[in-house]
Amino acid sequence: MRRVVYNGERLGLREVTEADVPALHALYGDAAATQHMPFGPRSLAEVARLVEQAMEAATAEPRLLYVLAVVDAARCDVIGVARLSIEAVHPHSAEIGFGLHPEQWGRGIGTDLVRLLLSFGFKELGLHRVWGARSPANLPAQLAMLTAGMVEEGRIRHHVHTPQGWRDSIVHSALEDEWIER
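Residues numbered from 1 in each chain as written. Predicted model: local features only at pLDDT ≥ 70, side-chain atom pairs only at ≥ 80, totals over all residues. Heavy atoms only, no water.

Asks: Sorry if this is basic, but what is going on with the packing of aromatic side chains here?
Replies: A ring pair, where both rings are aromatic, is described by two values, the distance of the centres and the angle of the planes. Taken as a whole and assessed by the stated rule, the structure comprises 4 aromatic pairs. Summarising the aromatic geometry, the rings of Tyr 66 and Phe 120 are spaced 5.5 Å apart at their centres and angled 80 degrees between planes, so their arrangement reads as edge-to-face. Taken as a pair, Tyr 66 in strand β3 (residues 65-72) and Phe 120 in helix α3 (residues 109-124) lie far apart in primary sequence, 54 residues in all. This pair shows no difference in class: Tyr 66 is buried, exactly as Phe 120 is. Arranged with centres 5.1 Å apart and planes meeting at 45 degrees, the rings of Phe 122 and Trp 179 form a pair that is tilted. Of this pair, Phe 122 sits in helix α3 while Trp 179 sits in the segment after β8 (165-175), and the two are 57 residues apart along the sequence. For the pair Phe 122 and Trp 179, one class covers both residues: buried. Taking the ring centre of Phe 39 as reference, the NZ or CZ of Arg 42 above it sits at 3.8 Å. (Phe/Tyr/Trp six-rings, centres within 6.5 Å; stacked < 30°, edge-to-face > 60°. Helix = DSSP H or I, 4+ residues; strand = E, 2+ residues; numbered from the N terminus. Buried < 20%, exposed > 50% of the residue type's maximum accessible area, 1.4 Å probe, protein only. Lys NZ or Arg CZ within 6 Å of the ring centre and 35° of its normal.)

Have a look at this one:
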């Protein structure tokens, strides 16, 4: 198994560990942070199980799921989570997802994170297409993805079931041959 450590200027990505459960619970347990996710706030035990599943997925061959801690490079603390899921039937393509603790919002960290995920996907994993889906109401995610160089492709109607009911998703993508590292 190849352990992921991938660093940018302000952020780093690394494998999640059991020690990250409290920091990830600060994100996944927060109502504001999960407002655009397809689930409500999670308990500490639920987050621990997610980390356990992520650690198991890291040992799979071929590896299709990367759940990574987002680390502030200056302070070395976990400020979020990033996910990259390679499609088994289309191994050239992967879906990204990400979440940041609300204290990080409004500082351009989301854009830096999307850039780092794109760089990791294209340079390290050799992907051709990276895409992500967001809630139509999640305008900061829209701005982060567009600023990082992703293109808005369109809307998937009733794509995700949330605690509030069905929700559409807006899809963004970047292609390796069009992507310019920014």
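Okay, back to it.
Asks: What is the right way to look at the sheet that holds β8 in this model?
Replies: Two strands in a sheet stick together by hydrogen bonds in their backbones, pointing the same way (parallel) or opposite ways (antiparallel). Read from one edge of the open sheet, 8 strands run β1-β2-β3-β4-β5-β6-β8-β7, paired in mixed fashion. Either end of the sheet is taken by a strand with one partner, and the two such strands are β1 (5-7) and β7 (151-162). Neighbour-to-neighbour, the strand axes of this sheet turn through a mean angle of 25 degrees, independent of strand direction. Bridge count for β1 against strand β2 (residues 11-15) is 3 bridges, and the pairing is antiparallel. For Val 5, the partnering residue across the bridge sits in β2 and is Arg 14. Contacting β4 (78-87) and β5 (90-100), helix α1 (residues 21-28) runs over the sheet at an angle of about 85 degrees to β4. (Pairing = 2+ DSSP bridges. Axes fitted to C-alpha atoms, helices over the stretch in contact; angles between N-to-C directions. Contact = heavy atoms within 4.5 Å.)

Asks: Before we go on, may I ask you to explain the nonpolar core in this structure?
Replies: Membership of the largest hydrophobic core comes to 31 residues, with the highest contact counts inside it found for Leu 13, Val 70, Leu 84, Leu 113, Val 114 and Leu 118. Within the residue set of this core, elements represented by two or more residues are β2, β3, β4, β5, α3 and α4 (139-147). By residue number, the principal contributor to this core is α3, which donates 8 residues. Val 16, Leu 27, Val 67 and Val 78 belong to the second-largest nonpolar core, a separate cluster that totals 16 residues. (Core = buried A, V, L, I, M, F, W, Y, C linked by side-chain atoms within 4.5 Å.)

Asks: So what exactly am I meant to see when it comes to the packing of α3 against α4 here?
Replies: For any two helices packed against each other, one specifies the crossing angle of their axes together with the interaxial distance. Here α3 crosses α4 at 50 degrees, and the two axes come no closer than 8 Å. One element, α3, and the other, α4, form an angle in the oblique class. At the point where α3 passes α4, the crossing takes the right-handed sense. From α3, Gly 110, Thr 111, Val 114 and Arg 115 reach across to α4, where they touch Leu 143, Ala 144, Met 145 and Thr 147. A breakdown of the residues in the contact of α3 with α4 according to their chemical character gives 4 nonpolar, 3 polar and 1 charged. (Parallel < 35°, antiparallel > 145°, perpendicular 65-115°, else oblique. Left-handed = near helix turned anticlockwise from the far one by under 90°. Nonpolar A, V, L, I, M, F, W, Y, C, P; charged D, E, K, R; others polar.)

Asks: Can you help me understand the packing of α1 against helix α2 (residues 44-57) in this one?
Replies: Where α1 contacts α2, the axes come no closer than 9 Å and their chain directions differ by 115 degrees. As for how α1 packs across α2, the hand of that crossing is right-handed. Residue-level inspection shows Val 21, Leu 24, His 25 and Tyr 28 of α1 in contact with α2, the latter providing Leu 44, Val 47, Ala 48, Leu 50 and Val 51. Taken together, the residues that form the contact of α1 with α2 break down as 8 nonpolar, 1 polar and no charged.

Asks: Is there a simple way to think about unusual backbone geometry in this case?
Replies: A cis amide bond links Glu 61 with the next residue in sequence, Pro 62, at an omega value of -5 degrees. Turning to its location among the elements, Pro 62 is positioned in the loop between α2 and β3. Unlike most non-glycine residues, Cys 76 shows phi in positive territory, near 65 degrees. Mapped onto the secondary structure, Cys 76 falls in the loop between β3 and β4. The class for Cys 76 is exposed, based on a relative accessible area of 60%. One non-glycine residue, His 158, adopts positive backbone phi at about 45 degrees. Mapped onto the elements of the fold, His 158 is located in strand β7.

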